[in-house]
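Examination of the molecular architecture
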Amino acid sequence: MKADLSVNAAHSSIQVKKKRQWSKLTPYIFVSPWIIGFVVFTLGPLLFSFVISFFDWPIVGEKKFVGFSNYITMFTDDPLFWQSLWVTVKFAIVFVPLNIILALLLAILLNQKVKGSSLFRTFFYVPSVISGVALAMIWGSVYDGEYGILNYLLSLIGIQGPDWLNHTSWALVAMVIASLWGQGSMMLIFLAGLKNIPHELYEAAEIDGAGTFYKFFKITLPLLSPTMLFNLIMTIIGAFQTLTLALVLTGGGPLQSTYFYAMYVYENAFKYFKMGYSSANAWIMFLIVLALTLLVFKSSSMWVYYENEVKNEEKA
């Protein structure tokens, strides 16, 4: 009898151990599709591109190891590298602040309690889900020098509009304006951040006699700064990845005034079939974006407000 009881106890303990093991594996089983997809479609190609950046790797033909030759050539003997990088930096300097300011203003407007605000949210968000090529075609008709609607509207107020896409001084400006059209996702992120700000803070400020600007700069911006940090980083990344609009609208012209760095990488890979050189270009872009991201994170301690940290300091 005692032997049977001991056998049953051992059997039940084994079952308990098996259940515990399966319970530990359950979370990994659920996330395994994402992990497999990340390894196969993101991490794998990323590491492969790093490897081939040290090769002369044509799509068809013999692959030859060249060491750091691709990187040295890029910095010392390729004026298109510096031209495309400078165009992208100029674009980012204008686009990043304008995009954040516009998205924040739209979020503040849509945060007001007015009738039909949900409908306006939909209208402002729709352009961000339109295909980049379709959006470029729309802006192509808007910017047309002879029949474009933008120049027509300017003519109504007595202004002779330029040939936007064929003028070196205006082509990059046109890219910035067209890119600002699709910031609906960022607007919604700001809107979610605004919704999370306690309304009691505004009521307390109003009791103390605070005005609109004081509440915005002392309550809204500080409590929205973590959201702004996220949007700032994503906008910087998006600015350096800009490709579709310029590729469709201008092809990098006129006179390479809209020749973005992403187009430079794209053409080296799929126009000149230099996959190794293009991979080296892409890794330099990655390092530049990484450096800017780390710089933003480093500076965030001076302007990003985390409510939990302040509460912990007050308790201490």
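Structure's up top.
Predicted model, so just to flag it, every value in this text is computed and none were measured. The written sequence of each chain sets the order in which its residues are numbered from 1. Since the coordinates come from a predicted model, pLDDT governs what is reported: local features require at least 70, and pairs of side-chain atoms require 80 or more to be given and counted, while whole-chain, interface and lining totals use all residues. Side-chain numbers come from the whole structure's heavy atoms, not from hydrogens or water.

**So, the side chain of Thr293**
Secondary structure elements are defined from DSSP: runs of H or I of at least 4 residues count as helices, runs of E of at least 2 residues count as strands, and each element is numbered from the N terminus. Mapping Thr293 onto the fold places it in helix α13 (residues 275–303). Residues adjacent in sequence count toward polar contacts only when both atoms are side-chain atoms; beyond that, a polar contact is any pair of N or O atoms within 3.5 Å, and within protein one must be able to donate a hydrogen and the other to accept it. A polar contact is formed between the side chain of Thr293 and the backbone oxygen of Val289, at a distance of 2.8 Å.

**Overview of the packing of helix α3 (residues 79–110) against helix α8 (residues 184–195)**
Axis geometry follows a simple rule: fit a line to the C-alpha atoms, using only the stretch in contact for helices, then measure angles between N-to-C directions, giving values from 0 to 180 degrees. Contact geometry for α3 and α8: axes closest at 8 Å, N-to-C directions at 50°. Considering their axes alone, α3 and α8 lie oblique with respect to each other. Considering how the two elements wind past one another, α3 and α8 form a crossing that is right-handed. On the side of α3, the interface is formed by Asn99, Ile100, Ala103, Leu104, Leu106, Ala107, Ile108 and Leu110, while α8 contributes Met186, Met187, Phe190, Leu191 and Leu194. For this scheme, ten residues count as nonpolar: Ala, Val, Leu, Ile, Met, Phe, Trp, Tyr, Cys and Pro. Four count as charged, namely Asp, Glu, Lys and Arg, and the remainder, Gly too, count as polar. When grouped by side-chain class, the residues that make up the contact of α3 with α8 number twelve nonpolar, one polar and no charged. By the definition adopted for this analysis, an angle is roughly parallel if under 35 degrees, roughly antiparallel if over 145, roughly perpendicular if from 65 to 115, and oblique otherwise. Note on convention: near helix rotated counterclockwise from far helix by under a right angle means a left-handed crossing. Clockwise means right-handed. For this analysis, residues touch if any pair of their heavy atoms sits within 4.5 Å.

**With respect to the packing of aromatic side chains**
Aromatic rings from Phe, Tyr and Trp, with only the six-membered ring used for Trp, were paired whenever their centres fell within 6.5 Å, and each pair was classed as stacked if the ring planes differed by under 30 degrees, edge-to-face if by over 60, and tilted otherwise. Tallying each qualifying case throughout the model produces 24 aromatic pairs. With 5.8 Å between their ring centres and 45° between their planes, Phe54 and Tyr71 make a pair best called tilted. You can see Phe54 sitting in the loop between α1 (2–52) and β1 (55–56) and its partner Tyr71 sitting in helix α2 (residues 69–76), a full 17 residues away along the chain. Both residues of the pair, Phe54 and Tyr71, belong to the buried class. The structure contains a cluster of three or more aromatic residues connected by ring pairs, namely Phe50, Phe54, Phe68, Tyr71, Trp283 and Phe286. Exposure categories follow from relative accessible area, calculated using a 1.4 Å probe and restricted to protein chains: below 20% of the type maximum is buried, above 50% is exposed, and the middle band is partly exposed.

**What about unusual backbone geometry?**
The amide bond that connects Gly253 to the next residue, Pro254, takes the cis arrangement and shows omega of -5°. Locating Pro254 in the fold gives a position in the loop between α11 (244–249) and α12 (261–270). Phi is positive for Leu255, close to 55°, though the residue is something other than glycine. Here Leu255 is to be found in the loop between α11 and α12. Overall, the relative accessible area of 77% leaves Leu255 in the exposed class. The backbone phi angle of Phe273 is positive, close to 60°, even though this residue is not glycine.

Read these as layout, nothing more, since geometry by itself doesn't imply function.
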